[in-house]
Amino acid sequence: MEPEEFALVRAMVRSFATRYRVGSADEVQPQTRAAARQALDELGLAELRRTSPPAATVQECALLAEEHGRQPLTTSLLGTDLLAPELLRLLGETPPPARPTIALAQDLRFPGPTPSALVAWDCEGADCALAVTPDGTVRRVGVGPPAPTADLLRGVRTASAGGEVVGRLAPEARQHWQAYALVVVTAELVGTAASFVELSVGYARDRHQYGRPIGSFQAVRHLLADATVQVESCTSAARYAAWCLDHEPPDRALAAARVAKAEANTSAVEAVYAGMQVFGGIAQTWEHIAHLYLRRVLVGARLLATTADLLPALATSEAAR
């Protein structure tokens, strides 16, 4: 059971998400983003992981990311309010005057040892970005003009390579950081897939064909049953990985986070594909909200690490035990 205080925080995020969700791609406008960003700042969620010990556990932050993913929101909760503050906490740095987000490689994976090009990911309201190289070096880089992305809800900007060195993560801190980033991103994927499957179930109840709700047809039932199982599988994996970060050593937590992300990369996408089939032709239109969910999970499945990246890393870590 959630502590009463955090249950209130989660309810607050749910209320915020319901109020500032967009209803279609046409509502993704600069003024919409600015209003939602200001409202998110007023919640003060960036302070949850800035102190040592943090005010919120990783499990609680993962639940917030999951709640954020359940609605089509343009706010950068993950980049600016969860990931960047955690990185600064691990470095022992005080928050800079400029608000940072996270810098990733151009393909949205973790930066390599010598990244030639970076992007500031999930950067709505951010003034700079923090890039972590495989050896744990953290650099602060500037942000430039918008960069192309398939996820219409999420702000991505170009970022300069190089930048000033902020600090260096110790090996265990680097493992914790990678695990935390994977868990938060996976939790949002879980929330997105779960919400879209729920919307699909509701549509199957309401949409009638041949005088009956389409949810009464066996083929549709099978689709939605499989999608529900897929959502549950990645939900369990993500929540266990978050628990590991609060209770297990960093290497075990990183292994659990890799498993969770690999599971969500497949299950969340397949669940949303099933929902798209239930909605039928209307889900393929620009005006419908379905493609915003689909875009988010397709990009999220490649974000930080793909399944092809994760499985060899898991095999290597197991072989080294």
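For the structure, see preceding data.
Given the structure is predicted, the values throughout are model-derived calculations rather than measurements.

*Asks:* Kindly report on the overall build of the chain, identifying the contributing residues and their values.
*Replies:* Helix and strand counts for the chain stand at nine helices and eight strands. For 321 residues, the compact-globule estimate of 2.2 N^0.38 gives 20 Å, and the C-alpha radius of gyration of the chain, at 19 Å, lies within 12% of that figure. A principal-axis box enclosing the C-alpha atoms of the chain has dimensions of 65 × 50 × 45 Å. When contacts within the chain are restricted to residue pairs at least 6 apart in sequence, long-range pairs at least 24 apart make up 72% of them. Summed over all atoms, the accessible surface of the chain reaches about 14000 Å², with 54% contributed by carbon and sulfur. Side chains of the chain give 30 positive and 35 negative charges; the mean places of these two sets differ by 3 Å.

*Asks:* Can you lay out the side chain of S200 for me, pointing to particular residues and giving the numbers?
*Replies:* Here S200 shows up in helix 5 (residues 171-206). When near neighbours in sequence (up to four residues on either side) are disregarded, S200 contacts L224, G275, V278 and F279.

*Asks:* How would you summarise the environment of D226 if you had to cite specific residues and measurements?
*Replies:* Mapped onto the secondary structure, D226 falls in helix 6 (residues 218-247). For D226, a relative accessible area of 49% puts it in the partly exposed group.

*Asks:* Got a sec to walk through the pattern of salt bridges? Specific residues and values, please.
*Replies:* Under the criterion given, the structure shown has 21 salt bridges. Two residues, R70 and E198, come together in a salt bridge whose shortest N-O distance is 2.5 Å. Note that R70 is positioned in the loop between helix 3 (58-69) and helix 4 (77-91) and E198 in helix 5, a separation of 128 residues in sequence. The exposure class assigned to E198 is partly exposed, which follows from its relative accessible area of 46%. A salt bridge links R89 to E86, with the nearest nitrogen and oxygen atoms 2.9 Å apart.

*Asks:* Residue-level account of unusual backbone geometry, with values.
*Replies:* Of note in this structure, Y210 is not a glycine but carries a positive phi near 55 degrees. The topology assignment puts Y210 in the loop between strand 7 (208-209) and strand 8 (212-213). Located in the positive-phi region is L304, a residue other than glycine, with phi close to 70 degrees. With respect to the helices and strands, the residue L304 is situated in the loop between helix 8 (290-300) and helix 9 (307-319).

*Asks:* Can you break down the environment of A308 residue by residue, with the values?
*Replies:* As for its position among the elements, A308 is in helix 9. When the C-alpha positions of A308 and A147 are compared, they lie 25 Å apart, and in sequence the two are 161 residues distant.

*Asks:* I'd love a proper account of the environment of A161, names of residues and values included.
*Replies:* Inspection of the secondary structure assignment puts A161 in the loop between strand 5 (156-159) and strand 6 (164-168). Assessed through its relative accessible area of 38%, A161 is described here as partly exposed.

*Asks:* Let's hear about the packing of aromatic side chains: which residues, and what values?
*Replies:* Considering all chains together, one arrives at five aromatic pairs under this definition. Ring plane angle 35 degrees and centroid distance 5.5 Å describe the contact between F196 and F279, whose orientation is recorded as tilted. Taken together, the residues F196 in helix 5 and F279 in helix 7 (residues 250-279) connect sequence positions 83 residues apart. Each of the two residues, F196 as well as F279, counts as buried.

Scoring rules and cut-offs
Residues numbered from 1 in each chain as written. Predicted model: local features only at pLDDT ≥ 70, side-chain atom pairs only at ≥ 80, totals over all residues. Heavy atoms only, no water. Helix = DSSP H or I, 4+ residues; strand = E, 2+ residues; numbered from the N terminus. Rg over C-alpha atoms; globule rule 2.2 N^0.38 Å. Contact = heavy atoms within 4.5 Å. Areas by Shrake-Rupley, 256 points an atom, 1.4 Å probe, with all protein chains shown as cover. Lys, Arg positive; Asp, Glu negative; His and termini not counted. Charge placed at Lys NZ, Arg CZ, Asp CG, Glu CD. Buried < 20%, exposed > 50% of the residue type's maximum accessible area, 1.4 Å probe, protein only. Salt bridge = Lys/Arg side-chain N within 4 Å of Asp/Glu carboxyl O. Phe/Tyr/Trp six-rings, centres within 6.5 Å; stacked < 30°, edge-to-face > 60°.

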